[in-house]
Each structure stands twice: as structure tokens, then as C-alpha cells.
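# Examination of the molecular architecture
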Amino acid sequence: MELQSQILMQNPPGLPGIAVAWFVCVLRGSRLVIDWHNYGFTIMALSLGPAHPVVRLAKWYEHFFGPLATNSLCVTNAMKDDLQKNWGVRATTLYDRPPSIFRETPLKLQHELFTRLVDVYPQFQDPGSEEEDVEVERTVFSVRDPADGTVTLRTNRPALLISSTSWTEDEDFSILLKALEDYEVFVKGGASLPSLICVITGKGPQKEHYKKIIDSLRLEHVKICTPWLEAEDYPVLLGSADLGVCLHKSSSGLDLPMKVVDMFGCCLPVCAISFHCLHELVKHEENGLIFKDSAELSQQLKCLLSEFPSSDGKLGTFRKNLRTSRGQRWDDNWDQNVLPLISSR
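Residues numbered from 1 in each chain as written. Predicted model: local features only at pLDDT ≥ 70, side-chain atom pairs only at ≥ 80, totals over all residues. Heavy atoms only, no water.

### Brief notes about the packing of aromatic side chains
What counts is decided by this rule: Within 6.5 Å between ring centres, the rings of Phe, Tyr and Trp (the latter by its six-membered ring) count as paired, and their orientation is classed by plane angle as stacked under 30 degrees, edge-to-face over 60, tilted in between. The helix count covers DSSP runs of H or I at least four residues long, the strand count covers runs of E at least two residues long, and both are numbered beginning at the N terminus. Using a 1.4 Å probe on the protein chains alone, a residue whose accessible area is under 20% of its type maximum counts as buried, one over 50% counts as exposed, and one in between counts as partly exposed.
For the structure on display, the rule yields 17 aromatic pairs. Ring centres 5.2 Å apart and planes at 70° place the aromatic pair Trp36 and Trp87 in the edge-to-face group. On the criterion of sequence distance, the pair formed by Trp36 in strand β2 (residues 31-36) and Trp87 in helix α4 (residues 77-87) is long-range, its members being 51 residues apart. Across the pair, Trp87 and Trp36 agree in class, each one buried. Relative to Phe64, the ring of Trp60 has its centre 5.3 Å away and its plane inclined at 15°; by these criteria the two rings are stacked.

### Topic: the sheet that holds strand β11 (residues 243-246)
Put simply, the rule reads: By this definition, two strands are paired if DSSP reports at least two bridges between them. Inter-axis angles, ranging from 0 to 180 degrees, are taken between N-to-C directions of lines fitted to C-alpha atoms, where helices are fitted over the stretch in contact. Contacts are assigned to residue pairs that have any heavy atoms within 4.5 Å of one another.
Across the sheet, which stays open at both edges, the 6 strands sit in the order β10-β9-β8-β11-β12-β13 with parallel pairing between neighbours. On the outer flanks of this sheet lie β10 (222-225) and β13 (288-291), each paired with one strand and no other. Neighbour-to-neighbour, the strand axes of the sheet open up by a mean angle of 20°, direction not taken into account. Bridge analysis of β11 against strand β12 (residues 270-273) gives 3 bridges, and the strand direction is parallel. Its bridge partner lying in β12, Val245 is registered against Cys271. Across the sheet, helix α9 (residues 258-265) lies against β8 (159-164), β11 and β12, angled at about 170° from β11, the strand it touches most.

### Digging into the pattern of salt bridges
Defined as follows: Any carboxyl oxygen of Asp or Glu that lies within 4 Å of a side-chain nitrogen of Lys or Arg is treated as forming a salt bridge with it.
Enumeration according to the criterion identifies 11 salt bridges in this entry. In this structure, Arg323 and Glu104 form a salt bridge, with 2.8 Å as the shortest nitrogen-oxygen distance. Here the residue Arg323 occupies a position in helix α11 (residues 314-324), and Glu104 occupies one in the loop between β4 (91-93) and α5 (107-118), the gap between them amounting to 219 residues. For Glu104, a relative accessible area of 26% puts it in the partly exposed group. Its salt-bridge partner being Asp233, residue Arg116 comes within 2.6 Å of it at the nearest N-O pair. Remark: Asp233 occurs in helix α8 (residues 233-238) and Arg116 occurs in helix α5; sequence separation between them is 117 residues. What makes Asp233 buried here is its relative accessible area of 12%. A cluster of three or more residues bridged by salt bridges with shared partners is formed by Glu104, Arg319 and Arg323.

So, in C-alpha cells, the structure goes:
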């Protein structure tokens with residue numbers, strides 16, 4: 001390969017990548033730039049425990065090789081402060097930004113996605129379609145007029161709640177499932193609330209465990225599906241949703257959930273579980289709400305959806321705030337914050 005002026009690597013994973021990249025940089029006269037998204041040893045500790053010998057070795061490894069980089073990037077100011085204080089690493093904060101594919105989805109594209117999902121997931125099927133005009137293309141959310149092809153959202157549609165996950169130990173989905181059970185109780189108790197369709201996307205080691213729990217629930221007004229979406233469909237679904245839920249709890253308490261960044265790119269308000277530096281992304285009562293447990297989440301769902309589908313309530317206000325406060329997209333963010341760093345010698 002040609003000589004590189006820079007070698008940029010993301011951490012984690014960094015074992016053995018950091019040491020290998022540093023050694024290559026020494027041999028070739030390149031500069032090593034580490035992009036700190038989290039600490040690898042804290043992720044290992046989720047499954048092995050903090051006292052496990054492998055976790056302790058990984059912690060030493062990151063502490064030893066991390067400071068050898070020429071430059072460092074990190075994803076929060078909290079991580080920047082921790083790297084400086086405890087690692088002796090001076091880092092530049094580079095907040096994650098959504099790519100341009102994450103945006104509000106036009107009604108036509110929403111309907112096209114819903115009609116494709118109907119074939120696989122009955123939750124998206126219009127329950128009254130058998131008795132209605134077969135020429136009119138309907139889903140539980142949308143209707144397409146066969147005369148001119150215009151798409152409208154149904155006034156009696158359920159709210160579309162979305163969450164995404166890799167089904168790992170740092171996300172406790174029992175919190176969401178308990179909140180959905182509470183929501184069911186609210187509706188049965190006479191609260192003026194819409195039905196819910198909750199879509200939880202992704203795949204991972206705990207998915208089958210939670211699917212068994214979901215299958216055991218007896219919910220009339222809440223339907224849950226757990227699809228694995230094509231890469232091009234995921235941003236379309238995010239841009240079609242009414243509310244996002246994030247259960248990511250950082251293993252270090254110092255990184256931010258990328259899924260919320262993508263949701264905000266789609267101007268989708270979020271309810272997110274609290275942890276140390278979440279306030280750097282989710283502004284409580286401005287672009288979303290922060291909760292601590294299932295009871296608090298269920299009350300937030302009740303509050304935000306009480307005026308659905310009207311855009312006059314708090315949910316609509318959060319969406320408007322997201323539209324007016326859109327930050328930089330990924331490319332501009334990189335050009336402004338990273339390009340000067342790696343262009344200087």
C-alpha cells in the first residue's frame with residue numbers, strides 16, 4: 001500500500017487494533033488518530049463483570065496504547081473531560097450527526113413501505129380491508145386513492161412507536177414492555193388514547209428471549225412487531241414514525257446513542273432512558289423526554305399521545321423544535337471539525 005499520512009481507527013473495537021495501528025504508524029511515519037466512541041473494557045464488563053481478568057487486561061491495554069495516538073476524537077464533552085482527566089488524552093469532541101438519508105418521509109414513500117410490510121407483518125394490515133372497496137389500497141396507517149394516486153393518513157390510525165436495538169445487555173427492553181402494558185391499562189380504563197403499533201427493529205443475542213416475552217403478552221390496543229429491515233427501509237420507517245423510544249444505557253456513561261441521532265435527523269421526538277451525559281443530545285421538554293423507569297415512560301406515552309393525531313400537543317411541539325434546530329449533517333460536521341485536525345502537520 002501507499003504511505004498514509006494518517007491512520008484513523010474507531011475504538012471500540014480496539015484490541016488488538018490500537019497496538020497494531022500504532023506499530024504500523026511507527027514503521028511508516030504515519031499519524032494515528034483514534035475516534036473514541038466508548039471504552040471497550042466497559043462493554044466487555046457487561047457480560048464478564050468488571051473484575052474479570054480479561055476486562056482488567058483490556059482496561060490496561062486501552063489506558064496504555066490510547067495515549068500513544070497523535071490525535072483523538074470523541075463523541076461527547078463528558079468523554080473529552082474523562083479522557084483528559086483519567087487518561088491524559090486531549091481529544092476533540094465530534095458529535096455524531098445523521099447522514100442525509102435520515103429525514104422526514106413523504107406520504108407516498110410511507111405508504112409504499114407500509115404496503116410492503118403488510119405482506120410480512122399483519123400489524124400493518126388494515127383490519128377492515130376485506131369489507132371495503134378492494135380498489136382502494138389501504139394499510140392500518142394510510143390510504144391511496146386509485147383515481148389520482150394521492151396518499152392520506154387515516155384519522156383513526158394508531159400511533160407508530162419505534163425503537164431499534166442490537167438486543168444486548170446494555171438495553172433492558174422489559175422497561176418498554178412494562179410501559180406498554182401500563183398503556184394498555186390506560187386505554188381500557190377509558191383514557192382518550194390511540195392504539196399503538198410498536199416496531200422494535202434489529203437483531204442480536206437477546207432477541208429470541210424478548211420475543212417469547214412479547215408473545216406471552218395479551219394486549220388488545222398495543223401491537224408489537226420485531227422486524228429486521230433492509231438498510232434502505234430503516235430511515236424511511238424512522239421518518240414515518242410518530243415517536244421514538246431509546247433504551248440504550250451507555251456502558252461507560254460517556255457515549256451517546258446513535259439511534260437517537262438518526263431519529264432526530266428524521267425530526268422524530270424521542271423518549272430516552274436517563275444516563276450521565278444524555279443531556280448533551282436529548283433536551284428534556286424540548287426535543288424529547290427523559291425517563292428513569294417503566295412507570296415514568298408509560299406516563300410520558302400517555303401525555304405525548306393524548307392529543308394524537310393532532311400536531312397541536314407536546315409531541316407536535318417537539319417535532320417543530322427539531323425542524324427549527326437541525327444541526328449540521330455528517331459531511332459538514334466532518335469538514336468543520338476533523339478536516340483541519342488531520343490536514344495540519
